[in-house]
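Listed here are the chains, written in short residue letters.
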Amino acid sequence: MTEQSTTTDPAPAPAGAPREPVAAAEPASAEPAAPAEPATSAEPAAPKDRRALRAVLRWTAAVLVFGAAGAGAAYGIGQAERSNLPGLSTRSDGRWTYPVLAKPALPPGAPLPFAVDNPEGIHYAGLTQLALPAPLGSTPDTGLKPEKDSEVSVDTFLQEYEGPAREKMRASFADNGLRQIVARGWTTPDGTRTRVYLLRFHASGFADTFQGCGYELAGVKGVEPDPAWDKAREGQPAPKPDGITVLRESVPFGDEQTRAGCVQSGDIQALILQSRKGGAEAVPLHQAVILQRQLLS
C-alpha cells in the first residue's frame, strides 16, 4: 500500500466564497513532521500577525485623535480669558475676597433708605448688620475692643484722632445728635490693618456735620485727595445719594501710611481707615468704600 502523504492540498473554495488563509493540516501519522521550510513567497498574514497589526493601527488612530483633541484644547485656552480657566494662576489686581453681601431685613413696615416715603434716608436696619464684613483670610483686630453688638464708645472712636481734635469732635457729637457708633476691624496677611466705623445720627442733616474724614488722624501728618480714586472716577457721575471722600496720607509718610474713605448715606456716616507699613495699597480701600456704599444704599 502506498504511504499516505503527510500534507494535503486545500480543497478548492466554492465559487463566489471568500478566500480564507490556509493553515497547515494536522499530520495523519504519529511520526513527527519535518520542519517546514521558510516561505519564499508572500503569503497572507497569520491570525496572530493580524492581531498585532490591528493593535498597531488602533493605537495609531488613538494617538491621532488625542493629538487633534489636544490641539483643539490648546487653541481654546489660547482664546479664553485667563480668569475663566479654573486652576490657572492669574496675577491679582489687589482686591480682597469678601463674603457674599446681603442687605439686612427691615423691621415690619419700615421703608427702605431713600424710598419715596423716606426722603431723609433713615436706615431702620441694625447698624452692625450694615457694617462691611471682614474679608476671607483676615484676622480680627483685637485692639478695637467693641462692646455688645460691635458698639464702641465715643472715647474709643476718638482714639483714631490727635488729642487736640478729640474734644472738638466730642462737642460736635453732643450738639449734632450722634446716636450710636459700631466698629469692625481686621488685619490681612499682607499686614494691612482695616477699621470700619459706622456713626448713626438722628437725621441726615446731622450726619453732614461730621468733620473727621481723614483729618487730624493720630500719627498722620497730612492727607490729600487720592489721585487713583479721582482717575477711576473720571467721566462718571458723582454717586448719589451717597457722598464719598477718599484720601491718602501725603508723601513722605512715616513707618506706615494711612488711607481714609468716608461714605455719607442719609443718617449714617461711614469711616474706613487702612494702615500698612511701607505704604497702604489703593485698591483694597477703594473696594471697601464701594462695598460699604452698596450696603448703605
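Not measured: the values here are computed from a predicted model.

> Help me understand the packing of aromatic side chains in this model?
The geometry of an aromatic ring pair is captured by the separation of the ring centres together with the interplanar angle, meaning the angle of the planes. Using the criterion set out here, one finds seven aromatic pairs in the structure. Where phenylalanine 157 meets phenylalanine 210, the ring centres are 6.4 Å apart and the plane angle is 45°; that geometry is what we call tilted. Of this pair, phenylalanine 157 sits in helix H3 (residues 154–158) while phenylalanine 210 is found in the loop between helix H5 (204–207) and strand S4 (223–225), placing the two residues 53 residues apart along the sequence. Both residues of the pair, phenylalanine 157 and phenylalanine 210, belong to the buried class. Put simply, the rings of Phe157, Tyr161, Phe173, Tyr197, Phe201 and Phe210 touch in pairs and so form one group of aromatic residues.

> Sorry if this is basic, but what is going on with the pairing of strand S7 (residues 268–277) here?
Working note: regular strand, side chains alternate between the two faces of the sheet. Of all 10 residues making up S7, eight are buried, and the element is well covered by its neighbours. With eight bridges joining them, strand S3 (residues 193–201) and S7 adopt antiparallel strand pairing. The residue of S7 that forms the bridge with arginine 200 is isoleucine 268. Bridge analysis of strand S6 (residues 256–265) against S7 gives 10 bridges, and the strand direction is antiparallel. The residue of S7 that forms the bridge with glutamine 257 is arginine 276. Adjacent in sequence and paired antiparallel, S6 and S7 are bridged by two residues, among which glycine 266 carries a positive phi angle near 60°.

> Can you help me understand the state of the cysteines in this one?
By definition, a disulfide links the sulfur atoms of two cysteine residues through a covalent bond. Enumeration over the complete set of coordinates arrives at one disulfide. Between the sulfur atoms of cysteine 213 and its disulfide mate cysteine 262 the distance is 2.1 Å. Looking along the S-S bond of the cysteine 213-cysteine 262 disulfide, the torsion reads about 125°, which is the right-handed sense. You can see cysteine 213 sitting in the loop between H5 and S4 and its partner cysteine 262 sitting in strand S6, a full 49 residues away along the chain. A relative accessible area of 3% places cysteine 262 in the buried class.

> Looking at this structure, I do not really get the pattern of salt bridges. What am I missing?
Here the idea is simple: oppositely charged side chains can pair when their charged atoms come close. Summed over the entire model, instances satisfying the criterion amount to 10 salt bridges. Put simply, lysine 168 and glutamate 216 hold a salt bridge, and the shortest N to O gap is 3.5 Å. Here lysine 168, found in helix H4 (residues 163–175), pairs with glutamate 216, found in the loop between H5 and S4; they are 48 residues apart in sequence, far enough to count as distant. Overall, glutamate 216 belongs to the partly exposed group, its relative accessible area being 42%. Here aspartate 190 makes a salt bridge to arginine 276, at a shortest N to O gap of 3.8 Å. Of this pair, aspartate 190 sits in the loop between strand S2 (178–187) and S3 while arginine 276 sits in strand S7, and the two are 86 residues apart along the sequence. Within this structure, Asp155, Glu167 and Arg170 form a network of salt bridges that share partners.

What counts, and at which threshold
- Residues numbered from 1 in each chain as written.
- Predicted model: local features only at pLDDT ≥ 70, side-chain atom pairs only at ≥ 80, totals over all residues.
- Heavy atoms only, no water.
- Phe/Tyr/Trp six-rings, centres within 6.5 Å; stacked < 30°, edge-to-face > 60°.
- Helix = DSSP H or I, 4+ residues; strand = E, 2+ residues; numbered from the N terminus.
- Buried < 20%, exposed > 50% of the residue type's maximum accessible area, 1.4 Å probe, protein only.
- Pairing = 2+ DSSP bridges.
- Disulfide = S-S within 2.5 Å.
- Salt bridge = Lys/Arg side-chain N within 4 Å of Asp/Glu carboxyl O.

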